[in-house]
Amino acid sequence: MKQNLTAIVGGGIGGLVTALLLSKDGDRHISIFEKNDHLGGRLTYEKHGEYKIDQGPTIVLLPNMLLDILEEGGIPRSEIPLISCDPLYDIHFKDGTTFTKFPDPDRQKQELAEKFPGQELHFDRFLSDMKLRFLQGKTQFLEESFVDKRSFFSRKNIQTLIRLKAYQNVKRMMKSYFTDEKLVDAYSLQTLYIGGHPQQSPALYSLVSYSEHEHGIWYLKGGYARLVDIIVDELKKRNVSIYLNAGVDQISTKGEEAQYITANGIRSKVDDVILNGDFPLMDQLLPDKHRLNRRYTPSSGCLLLYMGLDKNYPNHSIHQFFLGSDFDHHMQQVFDKKELPEDPSFYTFHPSIVDDTLAPEGKGVLYTLIPVPAGEGVDWSKKDQLIDHVIGQMEERGFPDLRKHINWMKVRTPEEAEQAGLFAGGSFGIAPTLFQSGVFRPQLQPYPLSNVYAVGASVHPGGGVPIVMQGAKLLSNHLQYHATDRHNYKRGV
Ligand SMILES: Cc1cc2nc3c(=O)[nH]c(=O)nc-3n(C[C@H](O)[C@H](O)[C@H](O)COP(=O)(O)OP(=O)(O)OC[C@H]3O[C@@H](n4cnc5c(N)ncnc54)[C@H](O)[C@@H]3O)c2cc1C
């Protein structure tokens with residue numbers, strides 16, 4: 001039987017994991033066309049001399065989802081060196097108090113009783129409510145695709161949406177558990193992991209802060225981007241064709257089907273095309289008549305600082321959050337006013353305290369992420385002032401004399417992210433608002449074309465590495481079980 005020619009446009013984690021799952025059976029010839037000179041997309045390193053640090057994702061969530069999918073793709077769990085983060089992370093408030101999160105619920109309650117007396121009782125209710133909601137949400141929303149939109153509005157799903165209080169926002173839901181404003185922030189800020197405003201993201205996403213306690217936070221030895229090398233090694237063994245510096249700029253169609261893709265002026269015949277770039281940018285590859293032309297709101301952007309240090313700060317957690325004086329005001333500046341914050345909350349990642357493969361002996365690497373607005377019309381003239389303020393805060397609140405210990409520093413702005421192909425420079429694809437989630441997000445078959453599919457952060461079920469991998473699993477199941485009939489029929493098999 002002739003092999004199906006499957007072209008994957010983009011070698012981000014979505015494209016790579018789809019290739020991994022589809023290449024198991026050998027009935028397709030898979031080609032990955034990547035416009036960059038490296039694979040991984042957002043999942044890559046920032047390197048300088050002997051220093052290297054993740055450029056994008058750092059927090060490994062939902063380890064079992066990630067490991068199960070890789071195992072299904074033929075990569076054993078033992079090949080993925082995950083290290084548990086315990087404590088999960090520290091949250092430093094502006095008044096000098098620090099709240100630490102732990103995977104062990106008893107240890108967590110002890111911390112709550114010490115720092116926020118009385119709130120430990122609410123934590124029990126939070127865990128037990130969320131446990132139920134997580135199980136329902138996972139089965140009905142993460143493990144389902146909504147190619148047939150009617151399936152989303154089934155009676156069962158609507159009941160679950162009501163139970164999950166999807167009509168509420170994350171912050172409001174957290175207020176129903178915690179009465180201390182600091183704790184509300186500590187359990188709402190996770191929407192920023194996918195570029196959402198805590199007050200504009202539906203309560204479904206409050207499952208992220210629950211999942212941290214239930215499933216833990218992990219670190220992948222060598223950095224999260226090491227996952228790319230592990231997957232690519234396997235793809236090469238399976239003869240998946242990989243083309244780098246091969247941006248696809250056109251998909252030619254005949255009727256309701258894609259026929260060819262064009263990269264670097266070369267046309268290749270395709271049976272199936274899988275788009276892994278950000279939406280709505282993927283529209284541009286298609287002829288006008290097939291485009292969705294839908295307007296989307298981008299997720300938030302990030303101002304990122306990557307540093308090589310001449311030392312480590314070992315008495316800290318790998319992950320830390322430093323909150324500014326007014327978290328809500330910062331969120332307003334990022335999502336509504338579209339202005340640079342003057343006293344932002346920020347996140348730091350200091351993996352070299354547990355991983356000696358990232359810097360020369362005795363030296364370290366550090367990453368700082370400041371949520372900033374995406375999109376046009378942001379006045380960036382105060383960027384240097386903002387960076388200076390944040391480094392000052394880091395020195396005062398966790399990294400004494402930091403400036404003296406920086407050997408190398410690189411800054412990445414949303415403008416650079418946009419040039420690299422991220423929609424409006426947002427870090428996480430389209431924003432996780434109610435009307436851009438679930439059935440309202442682009443689906444795995446987003447166009448009225450029978451052989452054009454999609455996977456990635458802007459596609460259901462959404463952003464974050466394990467969730468994008470889950471999207472790849474939904475797509476490969478769809479292709480294996482639903483689309484086979486169509487191809488067999490076409491070929492007269
Ligand atoms: C700063 C930052 C921090 C993050 N932190 C976390 C975290 O802690 N934990 C977590 O789980 N997630 C995190 N994320 C999100 C996570 O990185 C993404 O959800 C995920 O990597 C997206 O994968 P993807 O496959 O959708 O796309 P991408 O990584 O965007 O890959 C798409 C690929 O397609 C290529 N491409 C696009 N158009 C074309 C074309 N026309 N032709 C050829 N190639 C094309 C691009 O070059 C790119 O390589 C973070 C992201 C950022 C930016």
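You'll find the structure just up there.
Residues numbered from 1 in each chain as written. Predicted model: local features only at pLDDT ≥ 70, side-chain atom pairs only at ≥ 80, totals over all residues.

We now examine the site of the ligand. Neighbouring the ligand are 36 residues, the closest being Gly10, Gly12, Gly14, Gly41 and Gly456. Elements that contribute at least two residues to the shell around the ligand include exactly α1 (13–22), β14 (301–309) and α14 (465–491). (Near = placed C-beta within 6 Å. Helix = DSSP H or I, 4+ residues; strand = E, 2+ residues; numbered from the N terminus.)

Proteins that are soluble and globular tend to have nonpolar side chains buried together. Of all hydrophobic cores here, the largest spans 140 residues; its most connected members are Val9, Leu16, Val17, Ala19 and Val273. Ranked by the residues each element gives to this core, the list is headed by α14, at eight residues. Each residue touching Ala19, except ones within four places of it in the same chain, is listed here: Ile8, Ile30, Ile32, Leu235 and Val240. (Core = buried A, V, L, I, M, F, W, Y, C linked by C-beta atoms within 7 Å. Buried ≥ 20, exposed ≤ 12 C-beta atoms within 10 Å, placed from the backbone. Contact = placed C-beta atoms within 7 Å.)

Another point: the packing of helix α4 (residues 119–142) against helix α8 (residues 207–215). Direction vectors running N to C along α4 and α8 enclose 105°, while the axes themselves pass 10 Å from each other. Taken together, the axes of α4 and α8 lie roughly perpendicular to each other. Here α4 contributes Leu127, Met130, Lys131, Arg133, Phe134 and Gly137 to the contact with α8, which in turn contributes Leu207, Tyr210, Ser211, His213 and Glu214. Considered class by class, the residues forming the contact of α4 with α8 number five nonpolar, three polar and three charged. (Axes fitted to C-alpha atoms, helices over the stretch in contact; angles between N-to-C directions. Parallel < 35°, antiparallel > 145°, perpendicular 65-115°, else oblique. Nonpolar A, V, L, I, M, F, W, Y, C, P; charged D, E, K, R; others polar.)

In this section: the sheet that holds strand β19 (residues 452–454). Across the sheet, which stays open at both edges, the five strands sit in the order β9-β2-β1-β13-β19 with parallel pairing between neighbours. Pairing within the sheet leaves two strands with one partner each, and these edge strands are β9 (241–243) and β19. For this sheet, the mean angle separating the axes of adjacent strands, direction not counted, is 20°. Running over the sheet, α1 touches β1 (4–9), β2 (28–33) and β13 (272–275) and is turned about 165° from β2. (Pairing = 2+ DSSP bridges.)

Glycine aside, residues mostly have negative phi angles, and peptide bonds mostly take the trans form. In this model, Asp86 is joined to Pro87 through a cis peptide bond whose omega is 5°. When you line up the elements, Pro87 lands in the loop between β5 (82–84) and β6 (89–92). With omega at 0°, the peptide bond leading from Phe279 into Pro280 counts as cis. Mapping Pro280 onto the fold places it in the loop between β13 and β14. Even without a glycine there, the phi angle at Leu62 is positive, about 45°. Position of Leu62 relative to the elements: it lies in the loop between β4 (51–54) and α2 (63–72). Residue classification places Leu62 among the buried positions, given that 25 C-beta atoms sit within 10 Å. Positive phi, normally seen in glycine, also occurs at Ala424, with a value near 55°. Within the element layout of this structure, Ala424 appears in the loop between α13 (414–419) and β19. Given 21 C-beta atoms within 10 Å, Ala424 falls into the buried group.

This brings us to the packing of α4 against helix α5 (residues 155–163). Where α4 contacts α5, the axes come no closer than 10 Å and their chain directions differ by 145°. α5 is crossed by α4, and the crossing has left-handed handedness. On the side of α4, the interface is formed by Arg133, Gln136 and Gln140, while α5 contributes Asn157, Thr160 and Arg163. Its residues assigned to classes, the contact of α4 with α5 shows no nonpolar, four polar and two charged. (Left-handed = near helix turned anticlockwise from the far one by under 90°.)

This brings us to the sheet that holds strand β10 (residues 248–254). The three strands lie next to each other as β10-β11-β12, forming an open sheet whose pairing is antiparallel. Strands with a single pairing partner mark the edges of an open sheet, and in this sheet they are β10 and β12 (266–269). On average, each strand axis in the sheet is inclined to that of its neighbour by 30°, with strand direction left out of account. As paired elements, strand β11 (residues 257–263) and β12 share four bridges and run antiparallel to each other. The residue of β12 that forms the bridge with Tyr260 is Lys269.

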